Each structure stands twice: as structure tokens, then as C-alpha cells.
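Summary of structural features
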Amino acid sequence: MTGIPGGKFYADERVALFVDGANLYAAARSLGFDIDYKKLLDLFRDSTRLLRAFYYTALVEDQEYSPIRPLVDWLDYNGYSMVTKPTKEFTDASGRRKIKGNMDIELATDVMEIAERVDHVVIFSGDGDFRRLVEAVQRKGVRVSIVSTVRSQPPMAADELRRQADVFVELETLAPAIRRAHVARGTDDRRTAEDRRPVEDRRPVPAEDRRPPAREAVADEEDEDDDYEYDDDDEDFEDDEDEDGGDKR
């Protein structure tokens with residue numbers, strides 16, 4: 001067995017990860033932490049024969065700026081296979097504008113396509129709609145692990161999905177290994193790279209060279225939830241505008 005907390009993985013297993021972006025984000029937020037996707041990928045790369053890591057999310061294309069776009073771009077350049085599609089806007093029975101972005105079909109299709117080439121499928125979602133998918137993949141001789149949480153209120157993982165999975169990995173047990181570290185912002189942020197090195201390793205730097213470093217663009221998934229809200233069951237996203245076109249905030 002490998003060192004993935006709460007899981008049952010073998011070092012020689014061919015593994016594929018399937019991340020339901022909105023569902024995993026909501027689960028992590030309910031537990032009070034944010035995910036470092038580089039740490040997540042490295043954890044499985046170091047412990048298994050990771051073949052592929054898929055990330056699924058819907059994008060609002062008509063926005064001038066999409067808060068999730070920096071995250072999508074970062075993941076695309078750093079080892080994840082991105083699967084996206086445009087959201088669909090509709091008006092519900094009460095006249096409210098809503099945005100729908102459900103990626104279940106795309107995720108299920110990819111799982112079935114790759115099932116014959118892997119030994120273990122890991123689905124990062126607690127959506128009960130995936131129970132039938134898990135059952136179908138298991139009949140092909142593939143082990144399936146579900147990563148979500150039952151320690152939130154309400155639980156993010158459907159009971160029928162937990163029962164069907166070969167292994168249920170509680171997201172909270174993974175948190176220490178994949179938690180994103182938050183750097184306190186303040187005057188220390190203006191220190192140069194030389195200033196942040198251990199004292200014994202520092203060397204004198206000419207005053208004219210001690211300029212603030214360029215700030216790195218950090219893909220922050222917290223922004224994913226800024227422009228819309230979604231329903232945990234069907235991932236319907238509600239627009240910020242009400243039926244009169246005004247701003248709710």
C-alpha cells in the first residue's frame with residue numbers, strides 16, 4: 001500500500017483521476033480549506049503510476065472576465081487534462097435567470113473510455129448520480145475510489161455512492177497533504193528573494209538591486225464562487241442578477 005492518507009493504493013497500479021471541479025471545491029470549502037492542485041497531483045504521482053488527471057468545469061463565456069479562467073489556465077499548463085464547456089443560461093418558473101453547468105456526462109464518458117487501460121479510477125465528487133457509473137466500471141475489473149466528505153453539514157457525499165465505491169476516502173484526511181498554504185499579506189511581501197533566504201545563506205545585495213519582485217499570478221479557486229451560486233444536487237448556477245436585472249449584492 002502507498003502513503004496516500006485514507007486510501008488503499010498500490011505502487012504498481014495504473015491510476016486515473018477525475019476531478020469534478022465544482023463539487024470538490026464546495027467540499028473543501030465546507031471543511032474550511034483550499035486545495036493546492038500541484039500537491040494533489042504530486043501526491044498521486046509519487047505514490048502510484050498516475051496515467052492521467054482530468055479536471056471538469058463549466059465556463060461562463062460571455063463574461064468580460066471569468067474569475068475561474070486563471071485556475072483553468074494554470075491547471076492546463078501543469079499536468080491536468082482540462083475538460084470544459086460553456087454554461088447555459090435559462091429562466092426558471094419564477095422568472096429568475098439561472099446558469100446551468102453540469103459536467104456529469106463528460107466525466108462519465110471519459111471514465112468509461114479509459115477503464116480498459118487503468119487499474120484504479122479515483123473520482124473526486126460526492127454526487128450520487130455517479131453510483132451507476134461506478135458499478136459499470138467495477139464490472140470491468142477496475143477498482144474505484146471516491147474522494148469527498150461526510151464531515152460537512154450537510155454531508156457532501158451521497159450514501160449510495162459511498163456504498164458502491166471500493167474505497168471511500170474522506171477528504172478531511174487528505175487535507176494536510178493537499179492543503180494550500182495561505183501567505184499572510186503585509187510588508188513582508190515586499191521582501192526580495194534574497195531577504196527570504198535563511199540568514200546564513202544571505203549575501204550582500206547592492207541597494208540599487210533591492211527592488212520588489214514581480215508578483216506571481218496565483219490561480220485562486222476561491223474566486224470560482226464569486227459570480228454565481230450553485231445547487232449541490234444538479235449544479236445549477238444562479239446569476240448575480242435578480243429577475244429585475246438589479247444586483248443582489
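Look up a bit, the structure's there.
What comes next concerns the included structure. (Residues numbered from 1 in each chain as written. Predicted model: local features only at pLDDT ≥ 70, side-chain atom pairs only at ≥ 80, totals over all residues. Heavy atoms only, no water.)

**So, the pairing of strand 7 (residues 143-148)**
Defined as follows: Relative accessibility under 20% of the residue-type maximum defines a buried residue, over 50% an exposed one, and the middle range a partly exposed one, all with a 1.4 Å probe and only protein chains included. Segments assigned H or I by DSSP are reported as helices when at least four residues long, segments assigned E as strands when at least two residues long, and all are numbered from the N terminus. Strands qualify as paired when DSSP identifies two bridges or more between them. Crossovers are described as right-handed under a simple rule: with the strands pointing away from the observer, the path leading from the first strand over the helix to the second runs clockwise.
With five of six residues buried, strand 7 is to be regarded as a mostly interior element. Where strand 6 (residues 120-124) and strand 7 come together, four bridges link them in parallel fashion. Across the sheet, Ile123 pairs through a bridge with Ile146, a residue of strand 7. As judged from the four bridges shared by strand 7 and strand 8 (residues 167-170), these two strands associate in the parallel manner. Residue pairing for strand 8: Ser145 is matched across the bridge by Val167. In this fold, strand 7 hands off to helix 6 (residues 159-164), which returns the chain to strand 8; that crossover is right-handed.

**Concerning the packing of aromatic side chains**
Put simply, the test is: Classification of ring pairs rests on two measures: the distance between centres of Phe, Tyr or Trp rings, Trp counted by its six-membered ring, which must be within 6.5 Å, and the angle between planes, read as stacked under 30 degrees, edge-to-face over 60 and tilted in between. Working rule: Lys NZ or Arg CZ, within 6 Å of ring centre, within 35 degrees of ring normal, means a charge sits over the ring.
In total, this model carries six aromatic pairs according to the counting rule given. Relative to Tyr55, the ring of Tyr37 lies with its centre 5.6 Å away and its plane at 85 degrees, an arrangement referred to as edge-to-face. Taken together, the positions of Tyr37 in helix 2 (residues 37-47) and Tyr55 in strand 2 (residues 49-59) put the pair 18 residues apart, joining distant regions of the chain. Owing to a relative accessible area of 4%, Tyr37 belongs among the buried residues under this scheme. Through pairs of rings, three or more aromatic residues link up here, namely Phe9, Phe44 and Phe124. Across the ring face of Phe168, the terminal group of Arg162 is positioned such that the distance to the ring centre comes to 5.0 Å.

**Section: helix 3 (residues 69-77)**
Where we set the bar: Within this analysis, the arc is defined by the directions that extend from the helix axis to the C-beta atoms.
Taken residue by residue, helix 3 has Leu71, Val72 and Leu75 as its buried positions. Burial along helix 3 is one-sided: seen end-on, the buried residues are contained in an arc of 100 degrees. Gly79 lies just past helix 3 and shows a positive phi near 100 degrees.

**Some words on the nonpolar core**
Put simply, the test is: Throughout, nonpolar core names a set of buried Ala, Val, Leu, Ile, Met, Phe, Trp, Tyr and Cys residues whose side chains join them through atoms within 4.5 Å. Should any heavy atoms of two residues lie within 4.5 Å, those residues are considered in contact.
Tyr37, Phe44, Tyr80, Phe124 and Leu171 are the most contacted members of the largest nonpolar core, which has 37 residues in total. For this core, the elements supplying multiple residues, two or more each, are strand 1 (14-20), helix 1 (21-30), helix 2, strand 2, helix 3, strand 6, strand 8 and helix 7 (171-178). Looking at this core element by element, the count peaks at five residues for helix 2. Sequence-distant contacts of Tyr80, defined by excluding residues within four places in its chain, comprise Tyr37, Leu40, Leu41, Ala53, Tyr55 and Leu75.

**Things to note about the sheet that holds strand 8**
Two orientations exist for strands paired in a sheet by backbone hydrogen bonds: parallel and antiparallel. Quick note on the threshold: Helix axes use the C-alpha atoms of the stretch in contact, all axes being lines fitted to C-alpha atoms, and the angles between their N-to-C directions lie in the range 0 to 180 degrees.
Taken in spatial order, the six strands make up an open sheet running 3-2-1-6-7-8, and their pairing is parallel. Only two strands of the sheet have a single neighbouring strand rather than two, namely strand 3 (81-86) and strand 8. Direction aside, neighbouring strands of the sheet carry axes that sit 20 degrees apart on average. Strand direction decides the pairing type here: strand 1 and strand 6, joined by five bridges, are parallel. Pairing of Val15 across the sheet is with His120, part of strand 6.

**Focus: the packing of helix 4 (residues 104-114) against helix 5 (residues 131-138)**
Here is the rule: The scheme is simple: roughly parallel for angles under 35 degrees, roughly antiparallel for over 145, roughly perpendicular for 65 to 115, oblique for anything else. Classification convention: Asp, Glu, Lys, Arg as charged; Ala, Val, Leu, Ile, Met, Phe, Trp, Tyr, Cys, Pro as nonpolar; all other residues, Gly among them, as polar.
Remark: helix 4 packs on helix 5, axes separated minimally by 10 Å, with the N-to-C direction vectors making an angle of 5 degrees. Put simply, helix 4 runs roughly parallel to helix 5. Every residue of helix 5 that contacts helix 4 at Leu107, Ala108, Val111 and Met112 is listed here: Leu133, Ala136 and Val137. Taken together, the residues that form the contact of helix 4 with helix 5 break down as seven nonpolar, no polar and no charged.

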